[in-house]
Amino acid sequence: MDDHKHLFRPLLASATSTSSYSDDNDADNIKFLSSNSSIICRLLSIIFIGVISLWANHEASKGFDVTIINDARDSPAGKRFDLFYVSNDEATRILLNTSAFVENILYPDDSSNQQSKKNIQRVTLRLTSKNTTQITTVEASRTGEFVINIRSSIMGAENVNYAIISAIQRGIARIWLWDGESRAPPRLMDGLVEYISMLAGFKAEGLVDGGELPEFSSQLCWDDKQPGVVAEFLDFCEVRKKGFIRRLNRGLRDGWNNRTVDDALGMKTKHLCDSYKKL
């Protein structure tokens, strides 16, 4: 009987040892797999963060910083602006969308236009409580930084969203347009702003219902008192001389002289103005 006990002892001991060895191997394998999974997860996280960082930098390089300021915060108009345009970032979206629209008109994706593109670092949209004469005004605070001021009374418009987008569209157009080193005629600049707004679907200021044009008060057409009249003439020029608006904006980057419009047209402006008046 004792012999039998001795015979069984090695067998049980071996089985126990084998089982222990197997468990140790399984534990090591699990640790190895877990370690590999952890390393892979970390690598994927690093790659993901890197891709996101590159994308963010790429997007930032294409755009500009946006700041929204509500000076009329305590008024009914200011509270409404906060609710519908600030709290949900709607004002920022409108500003970026209108900017993309203007850039596509003035600076298409070709090297000559991209080289003449304005350097815009920051745009501040401010709802002002000041009783300004114009609904929208633009200030250049420093190189590459601009402020679009919108009169708070705009929040009382019958179609507020239309009024807000229209105001921002005009403001951002003014920002992207060169102004001949501040020497371009104000009526021409107003007409260019109105032209861009008209393309965006907003009724040109200075036009009566039905789009009928009043009598011209200028021999050059682009120097009329009514921005809408100038915008319609600029559109006439663009149709007949494709790329005219872009060439004019590029010319305004270098300054202003009496030939700037003629050079962009490639002919005397008066000839097209005379043709336009006969329509």
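Computed from a predicted structure; not experimentally measured.

**Quick word on the packing of aromatic side chains**
Now for step 1: Tallied over the entire structure, the rule returns seven aromatic pairs.
Now for step 2: Each ring, one from Phe81 and one from Tyr85, has its centre 5.9 Å from the other, and the planes form 25°; the classification is stacked. Highlighted residues: Phe81 and Tyr85, both in helix 2 (residues 76-86), separated by four residues, approximately one helical turn.
Now for step 3: We classify Phe81 as buried; its relative accessible area is 2%.
Now for step 4: A ring pair is formed by Phe236 and Tyr276, whose centres lie 4.8 Å apart and whose planes are at 45°; its orientation type is tilted. With a gap of 40 residues between them, Phe236 in helix 7 (residues 227-240) and Tyr276 in helix 10 (residues 269-277) connect regions that are remote in the sequence.
Now for step 5: In this structure Phe236 comes out as buried when scored by relative accessible area, which is 7%.
Now for step 6: Ring-pair connections join several aromatic residues into one group, and the members of that group are Phe233, Phe236 and Tyr276.
Now for step 7: Above the plane of the ring of Trp178 lies Lys118, whose end atom (NZ or CZ) is 5.6 Å from the centre.

**Side note on the sheet that holds strand 3 (residues 136-142)**
Now for step 1: Pairing is mixed across the open sheet formed by four strands, whose spatial order is 1-2-4-3. Every other strand in the sheet has two partners, leaving strand 1 (65-70) and strand 3 as the edge strands with one partner each. Each neighbouring strand pair of the sheet contributes to a mean axis angle of 20°, computed without reference to strand direction.
Now for step 2: Pairing geometry for strand 1 and strand 2 (residues 122-128), over six bridges, is parallel. Paired with Thr67 across the strands is Thr124, a residue of strand 2.
Now for step 3: Packing against the sheet, helix 3 (residues 90-106) makes contact with strand 1 and strand 2, and its axis sits at approximately 135° to strand 1.
Now for step 4: Most of the contacts of helix 5 (residues 160-176) go to strand 4 (residues 145-151), to which it runs at about 155°, and overall it touches strand 2, strand 3 and strand 4.

Criteria and cut-off values
- Residues numbered from 1 in each chain as written.
- Predicted model: local features only at pLDDT ≥ 70, side-chain atom pairs only at ≥ 80, totals over all residues.
- Heavy atoms only, no water.
- Phe/Tyr/Trp six-rings, centres within 6.5 Å; stacked < 30°, edge-to-face > 60°.
- Helix = DSSP H or I, 4+ residues; strand = E, 2+ residues; numbered from the N terminus.
- Buried < 20%, exposed > 50% of the residue type's maximum accessible area, 1.4 Å probe, protein only.
- Lys NZ or Arg CZ within 6 Å of the ring centre and 35° of its normal.
- Pairing = 2+ DSSP bridges.
- Axes fitted to C-alpha atoms, helices over the stretch in contact; angles between N-to-C directions.
- Contact = heavy atoms within 4.5 Å.

Any functional reading would require information beyond the geometric quantities listed.
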